[in-house]
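Structure at a glance
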2 protein chains.
Amino acid sequence: MIVKIDLSNDNSYKIYIEKLQALSFDRKVVVVTNPTIAGFHLEYLKSKITAKELSFCTIPDGEEYKNMKTLEMILESCFEAKLDRKSLLVAFGGGVIGDMTGFAASIYQRGIDFIQIPTTLLSQVDASVGGKTGINNKFGKNLVGSFHQPKAVYIDSNFLKTLPKREFGAGVAEVIKMAVCFNSDFFDWLEKNDLRDEKNIDIAIQKSVETKAYVVSIDEKEQGLRAALNYGHTFGHVIENLTNYKTYLHGEAVGIGMCMANALAVKLGLMTKEQEQRVENLLKKYDIPTTYKIEDVEDFYEHFFLDKKSSNSKIKFILPVGIGDCKITDEIKKDDVCEILKGF
Amino acid sequence: MIVKIDLSNDNSYKIYIEKLQALSFDRKVVVVTNPTIAGFHLEYLKSKITAKELSFCTIPDGEEYKNMKTLEMILESCFEAKLDRKSLLVAFGGGVIGDMTGFAASIYQRGIDFIQIPTTLLSQVDASVGGKTGINNKFGKNLVGSFHQPKAVYIDSNFLKTLPKREFGAGVAEVIKMAVCFNSDFFDWLEKNDLRDEKNIDIAIQKSVETKAYVVSIDEKEQGLRAALNYGHTFGHVIENLTNYKTYLHGEAVGIGMCMANALAVKLGLMTKEQEQRVENLLKKYDIPTTYKIEDVEDFYEHFFLDKKSSNSKIKFILPVGIGDCKITDEIKKDDVCEILKGF
């Protein structure tokens, strides 16, 4: 099936959710991947892709390598392959590969095309769609980057067969995020169907991608609605930061963050206890963590201000309104947040 | 006087050519400059600018520092000043400062605003207008960067009073470039008027900026016409590269490059000998170099392929058609180019 994402300035593109088709490019192509994905799937990809000149750039696997140094490795590969302005980058891997390849494409010779072939559930349902690119640095996550839309996204759920169970759960957290924020029918469906059942996964991917496409087409550069996709992330980023990005996968931290946002929503009367429980149950069904022991509530709160989504010392929270709707607000009192945090 | 540059997607902006007005910003601002400009003009700038929070980032002076390391210094200053998505960068200096500040602005938190206050003639007539940003690396010049338009450009020719004579000449080379490519009346005017005469300089800046604004508004991302602004640059970049960016200022290398392009145009019947001489005379009037001793013609030719403007092994030449018009072509025979180079 195909989901179209409608954007201005010739930025529109299609997301193909199907077995990877044969791809042929009459231009130079560099595929960016990592050793893990390459080991499982590179031969398969090679059988599917032809180009005028095809070369490969393998970067180390893991969030800790999502930095300027690795970005320079990708750029160096592009120069060595003598890519020109008409050449193409292919991101073949998870969210880290996608974000860094997109960023490299956006600044190589002031911008060339790239496509996404995401191989993790998290990147298939979320990261590969929408054109956010970036790298981390000592100040935080994704603080340097660009908006650069891919020319196409090819999502083949067969790649998920080699995905570790924890990473699958981390991806499901983002699926649940979409449902809670935007689509109560989808949430109901998720409660009734197991995504580990092969027949269901493409439906869940499609629903998630449709939701994301809708949000991004309304607000490409996150000046309003798109911020809602950060539900769970305001808290999640702090958890990742406090644990040095080592204890939790991104999606896992988001899962915990959603539970914190829900608790705040319940306190403020935006969500019922029963709805909060339903979300928690769904997360637990996939072994996604839902609690985190906070050592120092004040310190946790201070960490919000390191996050780029806050501006002028106001923190932006995304709070669910029941299930299927949400609100973006920077008017939450510190006391309310801290009280919730103390309860965790 | 004000020149407006019309672009799509809210990218339009105004170029103010006048004594610097008082500027007031209700947001955090970081001014990027270098020790040379700061020494001459920073106190003056401070007397003109107010902001919610104002800080300064001083980077080393010179083309050799236009690299990733210095870019990271600028980004670090932004993080330390805790700039948010609504903050502003100010480029206060020549082309290097402008290109790097613009690039930093385009990738800091996926893009924030910046303005240009150019202090060299070259940046006033050319580099500060049009949104090309970038850095150099071992593969060549401006090979990593972005298109990111400033929100405004403030051109005050009073800053030129402290500009070394050679740098003034290098700027004039770009003024002559605009006239030869696009405007024969302007060229005639340049022959009759001396830019070292204070009353003439604002007129020359205005004419140059109007020309650039016209070209960029038609072709913001250099998919066609804008390439004409690279007249003299195809050859000039090779000269800069072969001399390790040390012998010639950029504008000087462009001056020599224009003479090479003219010689090629004469050979191909696009320009008369007399027209070629008029351009050369004008360059010489400002002591801009017009010759370069080529040691190895084959090697010089090979260097074209390092330049990003070439694609698929075809080199794009910008050749004047008489004075006031030009053509962009990638159909020039190697033999013709080499014959011209041998004559230099």
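The name an unreviewed UniProt entry assigns to chain A is 3-dehydroquinate synthase, from the organism Aliarcobacter cibarius. Of the comments in the UniProt record for chain A, the one headed Catalytic activity (unreviewed entry) reads "7-phospho-2-dehydro-3-deoxy-D-arabino-heptonate = 3-dehydroquinate + phosphate". The heading Function (unreviewed entry) in the UniProt record of chain A holds the text "Catalyzes the conversion of 3-deoxy-D-arabino-heptulosonate 7-phosphate (DAHP) to dehydroquinate (DHQ)."

What follows concerns the UniProt feature "domain: 3-dehydroquinate synthase N-terminal" (unreviewed entry) in chain A. UniProt feature "domain: 3-dehydroquinate synthase N-terminal" (unreviewed entry): in the numbering of this structure it lies at residues 57-168 of chain A. Counted over residues 57-168 of chain A, helix gives 33% and strand 29%. Its end C-alpha atoms are 25 Å apart.

A few words on the pairing of strand β5 (residues 88-93) of chain A. Residue and element names in this part refer to chain A. With respect to burial, β5 is a largely interior element, 6 of its 6 residues being buried. With 4 bridges connecting them, strand β3 (residues 23-33) and β5 associate as parallel partners. What sits directly across from valine 29, in β5, is leucine 88. Bridge count for β5 against strand β6 (residues 113-118) is 6 bridges, and the pairing is parallel. Bridge pairing in β6 places leucine 89 opposite phenylalanine 114.

Our focus in this paragraph is the interface of chain B and chain A. At the interface, 37 residues of chain B touch 36 residues of chain A. Approximately 3100 Å² of surface area, both sides summed, lies buried where chain B meets chain A, with 53% of it carried by carbon and sulfur atoms. In this assembly, chain B and chain A are joined by 4 salt bridges. In this structure, arginine 85 of chain B and glutamate 222 of chain A form a salt bridge, with 3.6 Å as the shortest nitrogen-oxygen distance. Broken down by secondary-structure element, the contributors of at least two residues to the side of chain B that touches chain A are α2 (68-80), α3 (95-107), β7 (132-137) and β8 (140-147) of chain B.

Now for the pairing of strand β4 (residues 49-58) of chain B. Residue and element names in this part refer to chain B. Pairing geometry for strand β3 (residues 23-33) and β4, over 9 bridges, is parallel. Along β4, the bridge assignment pairs serine 24 with threonine 50. As a crossover connection, the stretch from β3 through helix α1 (residues 35-48) into β4 is right-handed.

Calculation criteria
- Residues numbered from 1 in each chain as written.
- Chains lettered and ligands numbered in written order.
- Predicted model: local features only at pLDDT ≥ 70, side-chain atom pairs only at ≥ 80, totals over all residues.
- Heavy atoms only, no water.
- UniProt positions renumbered as here; feature names shortened; annotations may be inferred.
- Helix = DSSP H or I, 4+ residues; strand = E, 2+ residues; numbered from the N terminus.
- Buried < 20%, exposed > 50% of the residue type's maximum accessible area, 1.4 Å probe, protein only.
- Pairing = 2+ DSSP bridges.
- Contact = heavy atoms within 4.5 Å.
- Buried area = accessible area lost by both parts, 1.4 Å probe.
- Salt bridge = Lys/Arg side-chain N within 4 Å of Asp/Glu carboxyl O.
- Right-handed = clockwise from strand over helix to strand, strands pointing away.

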